[in-house]
Number of protein chains: 2
Amino acid sequence: MEAVTGPWKQLLLNALESNSHLRHSSFFQLATVGLNGRPSNRTVVFRGLEENTDKIQIHTDYRTHKIEELRHCPYAEICWYFTDSWEQFRVNGKIDILDESNPDLNELQQREKSWYASSLKSRLLYLGPSPGLPCLSEQQDQEFLDHSTGPVGTFSLLVLDPDQVDYLNLKSNQRIKFTSGLSLNGEKCWTSQRINS
Amino acid sequence: MEAVTGPWKQLLLNALESNSHLRHSSFFQLATVGLNGRPSNRTVVFRGLEENTDKIQIHTDYRTHKIEELRHCPYAEICWYFTDSWEQFRVNGKIDILDESNPDLNELQQREKSWYASSLKSRLLYLGPSPGLPCLSEQQDQEFLDHSTGPVGTFSLLVLDPDQVDYLNLKSNQRIKFTSGLSLNGEKCWTSQRINS
């Protein structure tokens, strides 16, 4: 199993553990490339790793700009700074968008699982007005959501498959670059190298 | 004076003030576009606003990837999340690189001022081994820096000139988009609009 997950995964799990008393430790910044070729950057919430992998899960509203940006250029870089342990993870990889139009049954189930794992308050946001569009004066404040209903159409699960991780520890001044490649039997494998911080 | 600085500047100054007890409140994430077209994202330190403007200053080593990335595509987006006040500023704009080859005397002086404003510890980093390159086993730990010496060749001042700011307050659930344009007399002017969060 460890062959397909990156050796940086344990460093990340340790950082999550040692910073878990801070609510914002599950927030990171996700950079994408905009349709105009300029970078975009926003804070998003870490929604866990896909089971038995090192793939990073994020929830988002299908109506946000990042969806059209990722359709245009599926690559992203996460910058995750842990404010208590002074560690930074820069995770670069390709993002898969799992929405309701996804034909893969397994992925549809994964999206449904993510939907039920999030709070009712989070789920209600997907019924609200379109994010990023001008506020209208007359807007319904709350929508009704049936608890038994599966994910609504606007709910999307983003899955980032890392292929490079740059780890920096500002306390020990250690920096390690993890790079993935393919082994002879076609499996993903990771190499690491200490680099200057 | 206020005509050339964005109306979001006061919101930013307020956030800096109300989060000033947190060391990491002066850190933000800077996204650029890599030479391969993929986004890059890293934590950098806020080094103040250029006097009487709303331009954001950052220090960096000339040998880092972000320099060659910015030479290729000068646009960047800052994502600045304030963990105590729950405010996010996404600042998009063009970056000017001020290095020793800069022919503008005013900009050379600005760079020199930034150099002397930073700590001796910070300044010593610019004499260290090249950031991002593999660690060599035999490396000098410390270099000697003459206090009276001006900025070393690797010291660069980055100046981001914002042209769009997306402000989000997660406590009040308020989101405002500030957009700059040119007035009839050719001066930069800002408009703002409340948008859905």
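Analysis parameters
Residues numbered from 1 in each chain as written. Chains lettered and ligands numbered in written order. Predicted model: local features only at pLDDT ≥ 70, side-chain atom pairs only at ≥ 80, totals over all residues. Heavy atoms only, no water. Least-squares fit on C-alpha atoms with pLDDT ≥ 70 in both. Contact = heavy atoms within 4.5 Å. UniProt positions renumbered as here; feature names shortened; annotations may be inferred. Helix = DSSP H or I, 4+ residues; strand = E, 2+ residues; numbered from the N terminus. Buried area = accessible area lost by both parts, 1.4 Å probe. Salt bridge = Lys/Arg side-chain N within 4 Å of Asp/Glu carboxyl O. Polar contact = N/O pair within 3.5 Å; in protein donor to acceptor, adjacent residues only side chain to side chain. Phe/Tyr/Trp six-rings, centres within 6.5 Å; stacked < 30°, edge-to-face > 60°. Buried < 20%, exposed > 50% of the residue type's maximum accessible area, 1.4 Å probe, protein only.

Participant: Could you clarify how one ought to interpret the relation of the copies chain B and chain A in this entry?
Facilitator: The two chain copies are connected by a rotation around an axis plus a translation along it. Each copy superposes on the other: chain B lies on chain A with an RMSD of 0.0 Å after a rotation of 180 degrees and an axial shift of 0.0 Å. The transformation relating the two chain copies, once decomposed into turn and shift, fits a two-fold axis. Of all interface residues in chain B, 100% are interface residues in chain A too; the two copies therefore contact each other through one and the same surface.

Participant: Whenever I open this one, the UniProt feature "domain: Pyridoxamine 5'-phosphate oxidase Alr4036 family FMN-binding" (unreviewed entry) in chain A confuses me. Can you help?
Facilitator: Per the UniProt annotation, the sites labelled "domain: Pyridoxamine 5'-phosphate oxidase Alr4036 family FMN-binding" (unreviewed entry) are residues 7–98 of chain A. Secondary structure across residues 7–98 of chain A divides into 20% helix and 43% strand, with the first and last C-alpha atoms of the span separated by 26 Å.

Participant: Which parts of the structure should I look at to understand the interface of chain B and chain A?
Facilitator: Reports often express the size of an interface as the amount of accessible area lost when the parts come together. In this complex, chain B contributes 43 residues to the contact, which on the side of chain A involves 43 residues. Between chain B and chain A the total buried area reaches about 3,400 Å² when both faces are included, carbon and sulfur atoms providing 53% of it. Across the chain B-chain A interface, the total number found is 2 salt bridges. Note that arginine 38 of chain B and aspartate 163 of chain A form a salt bridge whose closest N and O atoms lie 3.3 Å from each other. If you look at where chain B meets chain A, you find 23 residue pairs in polar contact (both at pLDDT 80 or more). Mapped by element, the contributors of at least two residues to the side of chain B that touches chain A are strand 1 (27–33), strand 2 (39–45), strand 4 (75–82), strand 5 (87–98) and strand 8 (188–194) of chain B.

Participant: Could you clarify how one ought to interpret unusual backbone geometry in this entry?
Facilitator: Leaving glycine aside, a negative phi is the common case for residues, and trans is the common case for peptide bonds. Within the chain, asparagine 173 of chain A stands out as a residue other than glycine whose phi angle is a positive 60 degrees. Tracing the sequence through the fold places asparagine 173 of chain A in the loop between strand 6 (155–169) and strand 7 (174–182).

Participant: I'm lost on the packing of aromatic side chains in this one. Help?
Facilitator: Each aromatic ring pair is summarised here by two numbers: the centre-to-centre distance and the angle between the ring planes. Tallied over the full model, the rule gives 22 aromatic pairs over all chains. A ring pair is formed by tryptophan 115 of chain B and phenylalanine 155 of chain B, whose centres lie 5.1 Å apart and whose planes are at 70 degrees; its orientation type is edge-to-face. Pair noted here: tryptophan 115 of chain B is in helix 3 (residues 105–117) and phenylalanine 155 of chain B is in strand 6 (residues 155–169), with a separation of 40 residues, a long-range link. Phenylalanine 155 of chain B carries the same exposure label as tryptophan 115 of chain B, and that label is buried. Among the aromatic side chains, those forming a connected cluster through ring pairs are Phe28, Phe46, Trp80, Phe82, Phe89 and Tyr167 of chain A.

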